[in-house]
Amino acid sequence: MNSISTVAPQATPSRSTQDWQAADSRHFLHPFTDFQGLARKGARIITRAENIYLWDSEGHKILDAMSGLWCVNVGYGQQSLIDAAAAQMKELPFYNAFFQTATTPAIELAEVLAEISPPQFQHVFFTSSGSEGNDTIVRMVRRYWDVLGQPERQVIIGRKNGYHGSTMAGASLGGMSGMHAQGGLPIPHITHIDQPHWFEHGAGLRGETAGLTPEAFGLKAAGWLEAKILELGADKVAAFIGEPVQGAGGVIVPPASYWPEIQRICDKYGILLVSDEVICGFGRTGQWFGCETMGTKPDLMTFAKGVSSGYIPLGGVLVGERVARVLIEQGGEFNHGFTYSGHPTACAVALANIRLLRELDVVRHVREDVGPYLAQRFAQLNDHPLVGETQSCGMMAAVQLVKDKTTATPFDEALEVGMVCRGHCFGNGLIMRAVGDRMIVAPPLVMTRAQVDEMMGLIRRCLDLTLEDLRKRGWL
C-alpha cells in the first residue's frame, strides 16, 4: 500500500519517566482502572507515534496492534489530517449546532457520510463519542415509537458481553457484568440475550449446542432473539442492538448464518435493527461498514473512532429513512443534543480522514489484500499448544488461550492467563489486548503485509514466552 507523508516524531519530553508517573498518580484518574494498583505500578508514558508505532518515555518502540483504541485507522502522523485541523481552527475553531445554526464542515461531512453509507441512510446526528451515540440511540428509538403512537414499545434488546460504551445508557445496552455491577445498571427496559460465540458455547462439544456446526449454532443463537421477543411481548420491544463483530468483548465473529437470521426476526416483528459500527465502521471489516460485510440492512448505525481515525473525538448516529421520516415529518422538536454536536474542527478532520481512506483505497486494501493475509497468518497460530481457536474479520483478529486444546478446556479465570500473556506482549514491544483469556488485535488499516509478518513474529514469541511462564508456575 502506498504511504502518505507523515510528520517526524517529536523529541521525548525533558521530564523523567518517574516525574511523569508521579504527576499522573497525583492527578489523573484513568478509565477502567484500579487507581490504587496503577499508582503502585506507575503508568506507561507514551510520548510520540508514527505510522503503526509508538514510543514510550524510555525510548522503547512499540507496535500498536490495537490502533490506539480501535480507532487510528489511517495510522499516526498523517499530515493531511493535522493540516485540516489547523486550517479549521484558524477559520472557525468552534460553533454549535443549536439555535437553527450549522457550520459548513458539519454539513459537508453529513453529505459524505450519506454518500459512503448504505442507501437507506441520508441523515446524521452528530455526537462526540460512540457512548453518546448510543445514548442518542435510546432516546431516538423511544421517540420514534412514541411519535407513532406506540409508547409502550420501550424495550431494547442487547447481547451479553456486547459493548456499547460506558455512559449510563451505553453501559446498559452493553452486556458486561462487571459494568452492570456498578451504578445500578442496566437502566429500565433494557435486556440481553447470549452472544453468538460458538467456541464459548462448547464448540459444539457439550450443552445445548452439542453437535451443532457453526452454521447451525448461528441460527440457534439468532433464535434467542425471537425467544426473548416472545417472552417480553412483541408490542413491548422497540429495537435490537448489536456490533457486527463484538469488539471489546473479544473479537467475537458470529457464524455467517447469524446476522441474516437476526435481520429476518427483526423484520418479522417490526422492531428496529441497530448496528453499532463504532469499531466496525470505516473499513475495519473490509467494507465501509460492518453491516455490509454481514449482509444486514439496519435502521440506525452508531459510529465514532474510525470516522476521524481518533485524531479528534467525533461520533454520531446514521439515521435510516424509516426513522428519519417519522422524526422529521411527525416528530416536532427532538429534545436531545450536545454542545459539540457537529463540532467544525472534528468534522473537518473527519472529512480529511475519509478523503485519505479513499485516496489510499484502504477499504479494498483491507478486503482484498491485508485482511485475508492477516486471516491466513492468524490461522497458522492454531498449531500452538495454547491456542484453542483463532478468529478474524478484516483487520480484527483473536486468539483463544486454552489449557487443553483437544477438549477446549479453559484455564481457571482466577489465574488471569490473558494478563500473563499481555505482560509478555508489553515487554516485547507489542500492544495486544487481553479480554479474559482471549488475545485480540485491531491494527491500523494501512498496515502492510511486511508489518503483519512483523506483528505475527512478536505474537508467536509472546505465546511461547507465556507457555514457558505457565509451565514454570505449574499451571500446565
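Worth saying up front: this structure is predicted, and the values here are computed from it rather than measured. (Residues numbered from 1 in each chain as written. Predicted model: local features only at pLDDT ≥ 70, side-chain atom pairs only at ≥ 80, totals over all residues. Heavy atoms only, no water.)

## A word on the nonpolar core
Judged by nonpolar contacts, the single largest core of 72 residues is most densely connected at Leu113, Phe282, Phe378, Met455 and Ile459. The contacts of phenylalanine 378, once residues within four sequence positions are left out, are Thr390, Ala397, Ala398, Val399, Met432, Val441, Met455, Met456 and Ile459. Membership of the second largest hydrophobic core comes to 40 residues, among which are Trp70, Phe217, Ala222 and Tyr269. (Core = buried A, V, L, I, M, F, W, Y, C linked by side-chain atoms within 4.5 Å. Buried < 20%, exposed > 50% of the residue type's maximum accessible area, 1.4 Å probe, protein only. Contact = heavy atoms within 4.5 Å.)

## Some points on the pattern of salt bridges
A full pass over the atoms with the stated rule returns 19 salt bridges. Of the charged contacts in the structure, one is a salt bridge between glutamate 329 and arginine 325, with a shortest N-O distance of 2.6 Å. Of this pair, glutamate 329 and arginine 325 both sit in helix 12 (residues 321-329), four residues apart, roughly one helical turn. Since its relative accessible area comes to 55%, glutamate 329 is described here as exposed. (Salt bridge = Lys/Arg side-chain N within 4 Å of Asp/Glu carboxyl O. Helix = DSSP H or I, 4+ residues; strand = E, 2+ residues; numbered from the N terminus.)

## Details of the sheet that holds strand 5 (residues 155-159)
Strand pairing in a sheet is mediated by backbone hydrogen bonds. Such pairs are either parallel or antiparallel. Pairing in this open sheet of seven strands is mixed, and the strands run 4-10-9-8-7-5-6 from one edge to the other. In the strand order of this sheet, the two ends are held by strand 4 (121-127) and strand 6 (190-193), each with one partner. On average, each strand axis in the sheet is tilted by 25 degrees relative to the strand beside it, whichever way the strands run. Strand contacts of helix 5 (residues 104-116): strand 4, strand 9 (300-303) and strand 10 (315-320), with the helix running at about 135 degrees to strand 4, the strand carrying the most contacts. Across the sheet, helix 9 (residues 214-232) touches strand 5, strand 6 and strand 7 (237-242), and the angle it forms with strand 6 is around 145 degrees. (Pairing = 2+ DSSP bridges. Axes fitted to C-alpha atoms, helices over the stretch in contact; angles between N-to-C directions.)

## Let's talk about the environment of aspartate 299
Mapped onto the elements of the fold, aspartate 299 is located in the loop between helix 11 (290-294) and strand 9. Aspartate 299 gets classed as buried once you look at its relative accessible area, which sits at 13%. For the pair aspartate 299 and alanine 324, spaced 25 residues apart in sequence, the C-alpha separation works out to 9.4 Å. Setting aside its immediate chain neighbours within four residues, aspartate 299 contacts Phe121, Ile271, Leu272, Leu273, Leu318, Val319, Gly320, Arg322 and Val323.

## Examining the confidence of the model for the protein
When pLDDT is low, close inspection of the predicted coordinates is not appropriate. Chain-level pLDDT for the protein is 95 on average; 96% of the residues reach the 70-or-more range. Across residues 2-8, confidence stays below pLDDT 50; counting only partners more than four residues off in sequence or on other chains, it has 15 contacts. (pLDDT = per-residue confidence, 0-100.)

## Focus on helix 9
The terminal C-alpha atoms of helix 9, which comprises 19 residues, lie 28 Å apart, in line with the 27 Å expected from a rise of 1.5 Å per residue. The complete set of buried residues in helix 9 reads Phe217, Gly218, Ala221, Ala222, Trp224, Leu225, Glu226, Lys228 and Ile229. Of the surrounding secondary structure, the elements contacted by the buried residues of helix 9 are strand 5, strand 6, strand 7 and helix 10 (258-269). One or two steps after helix 9, the chain reaches glycine 233, where phi turns positive at roughly 100 degrees. (Expected span 1.5 Å × (residues − 1).)

## A closer look at the environment of glycine 170
With respect to the secondary-structure elements, glycine 170 resides in helix 7 (residues 168-173). Using a relative accessible area of 0% as the deciding quantity, one classes glycine 170 as buried. Sequence separation between glycine 170 and asparagine 134 is 36 residues, and the spatial gap between their C-alpha atoms is 5.5 Å. Apart from residues lying up to four places away in sequence, glycine 170 is in contact with Asn134, Asp135, His164 and Gly165.

## Details of unusual backbone geometry
The residue after leucine 185, namely proline 186, is reached through a cis peptide bond having omega 0 degrees. Secondary-structure assignment places proline 186 in the loop between helix 8 (177-180) and strand 6. In this model, phenylalanine 282 sits at a positive phi of 65 degrees, which is unusual for a non-glycine residue. By the secondary structure assignment, phenylalanine 282 is in the loop between strand 8 (272-276) and helix 11. Backbone geometry places serine 309, a non-glycine residue, at a positive phi of 50 degrees. Summarising the element assignment, serine 309 is placed in the loop between strand 9 and strand 10.

## Here we look at a nonpolar patch on the surface
On the surface, Leu92, Tyr95, Phe98 and Phe99 cluster together to form a nonpolar patch covering roughly 410 Å² of accessible area. Relative to the assigned elements, phenylalanine 98 resides in the loop between helix 4 (79-91) and helix 5. Residue classification places phenylalanine 98 among the partly exposed residues on the basis of a relative accessible area of 37%. (Patch = residues over 30% accessible without salt bridge, like charges linked within 9 Å, V, L, I, M, F, W, Y side chains within 5 Å. Areas by Shrake-Rupley, 256 points an atom, 1.4 Å probe, with all protein chains shown as cover.)

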